[in-house]
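Coordinate analysis (summary)
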Amino acid sequence: MAVILQVDFKMEGPFGQEMAEGFAGLAKSINEEEGFLWKIWTENSDAKEAGGIYLFETKEAAQKYLNMHTERLKGFGIEPVNAKIFEVNEELTKINHGPLK
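So, the layout of surface pockets
- The volume enclosed by the largest pocket comes to roughly 180 Å³.
- Surrounding the largest pocket, 17 residues form its lining, Phe9, Phe23, Leu26, His69 and Leu73 being those nearest its centre.
- If you list the elements that add at least two residues to the lining of the largest pocket, you get β1 (3–10), β2 (36–44), β3 (49–56) and α3 (59–75).
- The element contributing the most residues to the lining of the largest pocket is β3, with four residues.
- Partitioning the lining of the largest pocket into residue classes produces 12 nonpolar, three polar and two charged.

Concerning the pattern of salt bridges
- Under the definition given, this model contains four salt bridges.
- Between Glu49 and Lys10 there is a salt bridge, and its shortest N-O distance comes to 3.7 Å. Pair noted here: Glu49 is in strand β3 and Lys10 is in strand β1, with a separation of 39 residues, a long-range link.
- Its salt-bridge partner being Lys64, residue Glu34 comes within 3.1 Å of it at the nearest N-O pair.

As for the confidence of the model for the chain
- For the chain, mean pLDDT is 95; residues scoring 70 or higher make up 100% of the total.
- At the level of individual helices and strands, the chain shows its lowest average pLDDT in helix α4 (residues 90–95), which scores 94, and its highest in strand β4 (residues 82–87), which scores 98.

Describing α3
- The end-to-end C-alpha separation of α3 is 24 Å, in line with the 24 Å expected for 17 residues at 1.5 Å each.
- Among the residues of α3, Ala61, Ala62, Tyr65, Leu66, His69, Thr70 and Leu73 are the ones counted as buried. Burial along α3 is one-sided: seen end-on, the buried residues are contained in an arc of 160°. The exposed set on the far side of α3, more than 90 degrees from its buried face, consists of Glu60, Lys64 and Gly75.

What about the sheet that holds β4?
- In space, the four strands of this open sheet follow the order β2-β3-β1-β4, with antiparallel pairing throughout. At either margin of the open sheet sits one strand with a lone partner, and together these are β2 and β4. When the angles between neighbouring strand axes are averaged without regard to direction, this sheet yields 15°.
- Where β2 lies against β3, eight bridges are found, and the strand directions are antiparallel. Paired with Asn44 across the bridge in β3 is Glu49.

Calculation notes
- Residues numbered from 1 in each chain as written.
- Predicted model: local features only at pLDDT ≥ 70, side-chain atom pairs only at ≥ 80, totals over all residues.
- Heavy atoms only, no water.
- 1 Å grid on protein atoms, 1.4 Å probe; cavity = no way out; pocket = protein on both sides within 12 Å on 5 of 7 lines; lining within 4 Å.
- Points joined across faces, edges and corners; volume = space filled by probe spheres on them.
- Helix = DSSP H or I, 4+ residues; strand = E, 2+ residues; numbered from the N terminus.
- Nonpolar A, V, L, I, M, F, W, Y, C, P; charged D, E, K, R; others polar.
- Salt bridge = Lys/Arg side-chain N within 4 Å of Asp/Glu carboxyl O.
- pLDDT = per-residue confidence, 0-100.
- Expected span 1.5 Å × (residues − 1).
- Buried < 20%, exposed > 50% of the residue type's maximum accessible area, 1.4 Å probe, protein only.
- Arc of directions from axis to C-beta.
- Pairing = 2+ DSSP bridges.
- Axes fitted to C-alpha atoms, helices over the stretch in contact; angles between N-to-C directions.

Here it is in C-alpha cells:
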C-alpha cells in the first residue's frame, strides 16, 4: 500500500526560482531513493517554511528516507523536522484524480 510522507521545517531560504536552481541536484538524487514515487515541493517564504509531500511504495521506504533526510537537514542546521506518514486510501484518491504512481 502506498504511503504519503509529509515533511516541513523552518528555513531561511532560498525560495522560488533561487530554490529551484539551488536544489536541482538534490531533487534529482531523491529520484534514486528506494520505493520513491514522487514529491511535491512546498514552500512559504513569508513564514520561512519549506518541505514536501512524498509518495512511497511502502511505509518502510518512507521511514528509511525520513531518517536519512532528517539527519541531512540537521547537518544543514535545520531542526526540528516535522514529519508524518499516512497510508493512502487508494480507492478514494482515484475518485479525486490523485496521482498514485
